[in-house]
Amino acid sequence: MPQQPDRKKTIYFWIIFLAVFGVMNVLIYNRFLKKQVSEVGYNVFMKMIDEKTIKEAALSSTQIIFEGKDGVIYKTGLMEDANLYERLYKSGATFGAEIEEPMNPILYYLLTFGIQILLLVIIWRLMMRRLAKRSGDDPDLLSFSMSGGRGRGTGRIYVKSKNDVRFKDVAGEEEAKDLLTEIVAYLHEPEKYTEIGATLPKGALLVGPPGTGKTMLAKAVAGEADVPFFSISGSEFVQMFVGMGAAKVRDLFKQAKEKAPCIIFIDEIDAIGKKRDNSLSTNDEREQTLNQLLSEMDGFEGNTGVVILAATNRPDSLDPALLRPGRFDRRIPVELPDLKGRIDILRVHAKKIRISENVDFETIAKTASGASGAQLANIVNEAALRAVREGRKVVQQDDLMESVEVVIAGYQKKNKILTNKEKLVVSYHEVGHALVAAMQTQSAPVTKITIIPRTSGALGYTMQVDEDDRNLMTRTEILNKVTTLAGGRAAEELIFDEITTGASNDIEQATKLARAMVTRFGMTEEFDMVAMEVLTNQYLGGDTSLVCAPETQTRIDRMVVDIVKKQHEKAKEILQQNIQKLHEIAKHLYENETITGEEFMEILNSSENTLLTNPEA
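First, a word on what this report is: a plain description of the structure on this page. Since we're looking at a predicted model, the values are computed, not measured.

In terms of regular secondary structure, the chain is built from 20 helices and 17 strands. Within the chain, the proportion of its 617 residues that are buried is 42%.

Right, let's get into the pairing of strand S3 (residues 63-68). Along S3, five of the six residues are buried, which leaves the element largely enclosed by surrounding structure. In this structure, strand S2 (residues 54-59) lies alongside S3, joined through five bridges in antiparallel fashion. Bridged to Ala58 within S3 is Ile65. As paired elements, S3 and strand S4 (residues 73-77) share five bridges and run antiparallel to each other. Across the sheet, the residue bridging to Ile65 is Lys75, located in S4. The antiparallel hairpin formed by S3 and S4 contains four residues in its connecting segment, where Gly71 sits at a positive phi of about 90°.

Of all five residues in strand S13 (residues 446-450), four are buried, a share of seventy percent or more. Bridge count for S13 against strand S14 (residues 461-464) is four bridges, and the pairing is antiparallel. Of the residues in S14, the one forming a bridge with Val446 is Gln464. Sheet topology note: the S13/strand S17 (residues 594-596) ladder contains three bridges and is antiparallel. Directly across from Ile449, in S17, lies its bridge partner Ile595.

Next up on the list: the nonpolar core. With 28 residues, the main nonpolar core has Leu180, Ile183, Leu187, Leu206, Val221, Ile263 and Leu309 as its most contacted residues. When contributions to this core are tallied by element, the ones reaching two or more residues are helix H5 (174-188), strand S8 (203-207), helix H7 (214-225), strand S10 (262-267) and strand S11 (306-312). Aside from chain neighbours lying at most four places away, what touches Leu309 is Leu180, Ile183, Ala204, Ala218, Val221, Ile263, Ile264, Phe265, Ile266 and Phe328.

On to unusual backbone geometry. In this structure, Asp226 takes a positive phi of about 55° despite not being glycine. For Asp226, the position within the fold is in the loop between H7 and strand S9 (229-233). Phi angles above zero are rare outside glycine, and Asp497 is one such case at about 55°. Relative to the helices and strands, Asp497 resides in the loop between helix H16 (475-496) and helix H17 (504-519).

By way of backbone hydrogen bonds, the strands of a sheet pair with one another, either parallel or antiparallel. An order of S9-S10-S11-S8-S12 is seen for the five strands of this open sheet, with the pairing classed as parallel. Bordering the open sheet on either side are S9 and strand S12 (328-333), each of which pairs with just one other strand. Across the sheet, the mean angle from the axis of one strand to that of its neighbour is 20°, orientation sign disregarded. Bridge count for S8 against S12 is five bridges, and the pairing is parallel. The partner of Leu206 across the bridge, within S12, is Ile332. Along the sheet, H7 contacts S8, S9, S10 and S11; its crossing angle with S10, the most-contacted strand, is approximately 175°.

Okay, the packing of helix H15 (residues 420-438) against H16 next. The interhelical angle for the contact between H15 and H16, taken along N-to-C directions, is 135°, at an axis separation of 7 Å. As the angle between them shows, H15 and H16 are arranged oblique. Every pair of crossing elements has a handedness; the one defined by H15 and H16 is right-handed. Between H15, through Lys421, Leu424, Val425, Tyr428, His429, Gly432, His433, Val436 and Ala437, and H16, the contact on the second element is made entirely by Thr483, Thr484, Leu485, Gly487, Gly488, Arg489, Ala491, Glu492, Ile495 and Phe496. Residues of the contact of H15 with H16, tallied by class, amount to nine nonpolar, seven polar and three charged.

This part takes up H15. Along its 19 residues, H15 runs 27 Å from first to last C-alpha, staying within 8% of the 27 Å computed at 1.5 Å per residue. Among the 19 residues of H15, 14 are classified as buried, and the element is accordingly described as predominantly covered.

This part is about the packing of aromatic side chains. Counted under the stated rule, the structure contains two aromatic pairs. Between Phe229 and Phe265, the aromatic rings sit 6.1 Å apart at their centres with planes inclined by 20°, giving stacked as the arrangement. Within this pair, whereas Phe229 is found in strand S9, its partner Phe265 is found in strand S10, the two being separated by 36 residues in sequence. Under the relative-accessibility criterion, Phe229 is labelled buried at 2%. Look at Tyr428 and Phe496: their rings are 5.6 Å apart centre to centre, the planes differ by 90°, and that puts the pair in the edge-to-face class. Separated by 68 residues along the polypeptide, Tyr428 in helix H15 and Phe496 in helix H16 bring together distant segments of the chain. Phe496 sits in the partly exposed class, given a relative accessible area of 22%.

A few words now on the sheet that holds S14. Ordered by their spatial adjacency, three strands build an open sheet running S14-S13-S17, and the pairing between neighbours is antiparallel. The sheet terminates laterally at S14 and S17, the two strands that pair on one side only. Neighbouring strand axes in the sheet, compared pairwise and without regard to direction, differ in orientation by 10° on average. Along the sheet, helix H20 (residues 597-604) contacts S13 and S17; its crossing angle with S17, the most-contacted strand, is approximately 80°.

Glancing now at the side chain of Thr289. Relative to the assigned elements, Thr289 resides in helix H9 (residues 284-298). Apart from the residues lying within four places of it in its own chain, the contact partners of Thr289 are Phe237, Gly245, Ala246, Val249 and Ile272.

A few words on the environment of Glu335. Mapped onto the fold, Glu335 is located in the loop between S12 and helix H11 (339-350). A C-alpha to C-alpha distance of 6.7 Å links Glu335 and Pro209, two positions 126 residues apart in sequence. Not counting residues within four places of it along the chain, the set of residues in contact with Glu335 comprises Glu173, Pro209, Thr212 and Tyr539.

Counting across every chain of the model gives 17 salt bridges. With its nearest N and O atoms 2.2 Å apart, the salt bridge here joins Asp399 to Arg392. By relative accessible area, which is 0% here, Asp399 ends up buried. Between Arg454 and Glu405 there is a salt bridge, and its shortest N-O distance comes to 3.0 Å. Of this pair, Arg454 sits in the loop between S13 and S14 while Glu405 sits in helix H14 (residues 397-409); the two residues are 49 residues apart in sequence, bridging distant segments of the chain. Glu405 carries the same exposure label as Arg454, and that label is buried. One network of salt bridges, in which partners are shared, links Glu402, Glu405, Lys448 and Arg454.

The rules behind these values
- Residues numbered from 1 in each chain as written.
- Predicted model: local features only at pLDDT ≥ 70, side-chain atom pairs only at ≥ 80, totals over all residues.
- Heavy atoms only, no water.
- Helix = DSSP H or I, 4+ residues; strand = E, 2+ residues; numbered from the N terminus.
- Buried < 20%, exposed > 50% of the residue type's maximum accessible area, 1.4 Å probe, protein only.
- Pairing = 2+ DSSP bridges.
- Core = buried A, V, L, I, M, F, W, Y, C linked by side-chain atoms within 4.5 Å.
- Contact = heavy atoms within 4.5 Å.
- Axes fitted to C-alpha atoms, helices over the stretch in contact; angles between N-to-C directions.
- Parallel < 35°, antiparallel > 145°, perpendicular 65-115°, else oblique.
- Left-handed = near helix turned anticlockwise from the far one by under 90°.
- Nonpolar A, V, L, I, M, F, W, Y, C, P; charged D, E, K, R; others polar.
- Expected span 1.5 Å × (residues − 1).
- Phe/Tyr/Trp six-rings, centres within 6.5 Å; stacked < 30°, edge-to-face > 60°.
- Salt bridge = Lys/Arg side-chain N within 4 Å of Asp/Glu carboxyl O.

Written out as structure tokens, the structure reads:
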């Protein structure tokens, strides 16, 4: 959460305090400590009288304090001297007045540090009181202290959204916005629901991959409802000392109830909401915090007007007690945007930059299939940066297309120089992918082939873009995809009778697809519809674990190898039957480094070679 306003106030406070501290020290030093006392004998006093170097003297019943014309203060004992006053008078000294002694060091430290610390406390209390008064009317940021366990902590929360985030600013998540609209309506007119006896769900859980806009949706709800917005991350509850996290939860809910109706938003709630178990490695502080959160949610009454929103990309790790009815009983998926959603997101972010009127957002959205809202925002920003580097004042279609490739594969490595042999191998490798894809049915069309190295480590790549978003894949489509992935290695073997390390990523992806066919998709006759593998953390890339006997794992490995080998042989067969086109397109790519999908299809469909065949799947 932004903390800039409090940081500025703290900096100003310390500047003022240090200035006052310095001025007071200088004044006290000049007033009390600058003049030092030198204790001397009476003979020195008599000599200075004769030399007329005494400026002022004060006589008491026991001692004489006198100041020389050099500014030094002296002290000596009083002796019986009947002519003392007469001699002082003749020397021109002023006597009879008191000379103030320098301050005692202990009294000096009490005066300097004691008063200044007291002044510090008074100024700090006044600032906090003024900030608290502001927060009661129309605050930007409220500081609240939370105590518990053995220590004390301070947290910061938004109390009112002032960034004008509304539903119109969040594109591509229409279903999520529809589900959240009911919460906004309840916060606006709760009596409509209470009259009929309905109660709004206390908690709504926003679930989805990173970068899909869960936090922005929560802010949009607060913006639309125009209510205070308390925001805190789940990790801020977890402290070193047991009990502090639970104290923070109590304090947060106490203030939320005081400012109801309002919204509490807990980001990354899985930091405190993980499943409880009996393992020895349990975290007592996290469990106490979770128990306190459950207790606070149970303590809500139906008409308090406090709505809890939480976000996570690990819903499978949450404790079941959090998800039961009466707590987080509404689950709102915030998925990756579809084609229309990507177009809308691109248009929203394009309003922030100067962009050409002839930009085709649909083409960009199709190319960026699978991108999240955050990635699409980055694509638009990268396009603007590229336009500046190229010396243009508006963003064009080429800038956006290149920025898609930057997000997907990284920047071009202009200092990466391939040898002629390596360049030729990469050319045949990439054309092998493209040619195999083009020769199969139910494969996405090729839109670009390049052999320009990228910062992701790729020496080249073949881009395929589907006309529409695909939610389901058939067995034939998956097998064709494995065949396409094997096309690069097959081209190397066919042309050079040798293989390279360039196919490592292809091998990894092909193996992953083949294994999923066997273990998760039920696409083999031997195992039929039995799941041999489970998927966890689906929003964070997906982790898989086998749930079968060791003997079954051996059979699975054998079946995966058979699938990949069969599709590898199919790729070789396709390229062998279209060897002339393989040479022709690879030569064109070697010379130009990049060819578009239109150029690829033009060469492929030219009349120079009409013996293009498509083997049976």
